[in-house]
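Listed here are the chains, written in short residue letters.
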Amino acid sequence: MRDVLYEEIIGLEVWLNQIYKVSCKMDLTEILTNFRQMMLILGAVAIVCVSLALLLFVTVIRHLKRIEVPANATFGETLMVTPFSVVLFVDLLDLGLDILAAPFVWVFLDRLGLKALRGVAVLEAAVPVTQFLPTLTVCWLGVRFLGYAPPQFDFEYDEGHAPRGKVIDEKDMVTYERQIRS
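From a predicted model like this one, the values you see are computed outputs, not experimental measurements.

S.K.: I'd like a description of the packing of aromatic side chains, backed by residues and values.
M.R.: Scanning the entire structure with this criterion turns up 4 aromatic pairs. Between phenylalanine 84 and tryptophan 140 the ring centres are 4.9 Å apart and the planes differ by 55 degrees, which places this aromatic pair in the tilted class. Here tryptophan 140 lies in helix α7 (residues 135-146) and phenylalanine 84 lies in helix α4 (residues 84-97), a separation of 56 residues in the sequence. You can call phenylalanine 84 partly exposed: its relative accessible area is 32%. Take tryptophan 140: its relative accessible area is 12%, and that puts it in the buried class. One aromatic cluster is present, built from ring pairs that chain together Phe57, Phe89 and Phe108. Positioned above the aromatic ring of tryptophan 106 is the side chain of arginine 118, whose terminal nitrogen or guanidinium carbon lies 4.1 Å from the ring centre.

Here you go:
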């Protein structure tokens with residue numbers, strides 16, 4: 001048993017030495033060839049992603065004119081009303097265009113009324129190396145499958161003044177109007 005294990009270790013050592021010798025003996029033409037191949041692959045990925053994003057853009061625009069988002073909606077609340085095709089479009093565009101996607105994403109999300117998503121999407125598009133992480137898609141899936149509990153705010157009502165707090169829904173406004181009348 002020891003002899004077999006010893007032979008395996010020797011074989012592994014020989015294999016590692018061969019890899020080391022090959023990797024250290026690369027000349028400039030081999031390095032440039034490998035770099036060119038890598039850039040061609042990245043370019044092909046970018047073209048495919050931008051093409052898919054444009055196809056998705058056409059379908060999103062046909063089906064959605066404007067998404068109804070409550071005023072002062074948080075990031076999670078906005079994701080709850082956002083269709084999956086929108087976040088997928090943003091992530092594909094970000095992957096394909098890298099940092100150049102930031103202004104397009106900003107305008108697209110602004111036109112759809114998704115102002116709470118703009119900051120996260122543009123930050124992710126502007127920071128290099130994050131393009132391979134589908135940030136909005138992961139957030140969308142997290143909100144949908146892990147659940148989202150909207151933040152609770154305590155409203156303080158002063159006599160004759162509007163409620164103090166960030167989120168005012170219809171129920172709170174009715175309560176406030178009743179307090180004013182009485």
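S.K.: An account of the nonpolar core is needed here, citing residue identities and associated values.
M.R.: Judged by nonpolar contacts, the single largest core of 27 residues is most densely connected at Val86, Phe89, Val90, Val105, Phe108, Leu109 and Leu114. At the level of secondary structure, the elements contributing two or more residues to this core comprise α2 (28-63), α4, α5 (101-111), α6 (115-126) and α7. A per-element tally of this core places α4 first, with 6 residues. When residues no more than four places from it in sequence are discounted, the contact partners of valine 86 are Val60, Leu64, Ile67, Phe108, Leu109, Leu112 and Leu114.

S.K.: If you had to explain the confidence of the model for the chain to someone new, which residues and values would you point to?
M.R.: Taken residue by residue, the chain gives an average pLDDT of 76. The fraction at 70 or more is 64%. Within the model, pLDDT remains below 50 along residues 157-166, and this stretch shows 19 contacts once partners closer than five positions in the same chain are excluded.

S.K.: Explain the pattern of salt bridges to me, using residue names and the numbers behind them.
M.R.: Under the counting rule described, the total for this entry stands at 2 salt bridges. Residue lysine 115 pairs with aspartate 110 through a salt bridge whose shortest N-O separation is 2.6 Å. Residue classification places lysine 115 among the partly exposed residues on the basis of a relative accessible area of 47%. Taking the shortest distance from any N to any O, the salt bridge between aspartate 110 and arginine 118 comes out at 2.9 Å. One salt-bridge network, in which partners are shared between bridges, spans Asp110, Lys115 and Arg118.

S.K.: Requested: an account of the environment of isoleucine 99, with residues and values cited.
M.R.: Position of isoleucine 99 relative to the elements: it lies in the loop between α4 and α5. On a C-alpha basis, the gap between isoleucine 99 and glutamine 131 in space is 8.5 Å, while along the polypeptide they are 32 residues apart. Look past the residues within four positions of isoleucine 99 in its chain and what remains in contact with it is Ala125, Ala126 and Gln131.

Criteria and thresholds
- Residues numbered from 1 in each chain as written.
- Predicted model: local features only at pLDDT ≥ 70, side-chain atom pairs only at ≥ 80, totals over all residues.
- Heavy atoms only, no water.
- Phe/Tyr/Trp six-rings, centres within 6.5 Å; stacked < 30°, edge-to-face > 60°.
- Helix = DSSP H or I, 4+ residues; strand = E, 2+ residues; numbered from the N terminus.
- Buried < 20%, exposed > 50% of the residue type's maximum accessible area, 1.4 Å probe, protein only.
- Lys NZ or Arg CZ within 6 Å of the ring centre and 35° of its normal.
- Core = buried A, V, L, I, M, F, W, Y, C linked by side-chain atoms within 4.5 Å.
- Contact = heavy atoms within 4.5 Å.
- pLDDT = per-residue confidence, 0-100.
- Salt bridge = Lys/Arg side-chain N within 4 Å of Asp/Glu carboxyl O.

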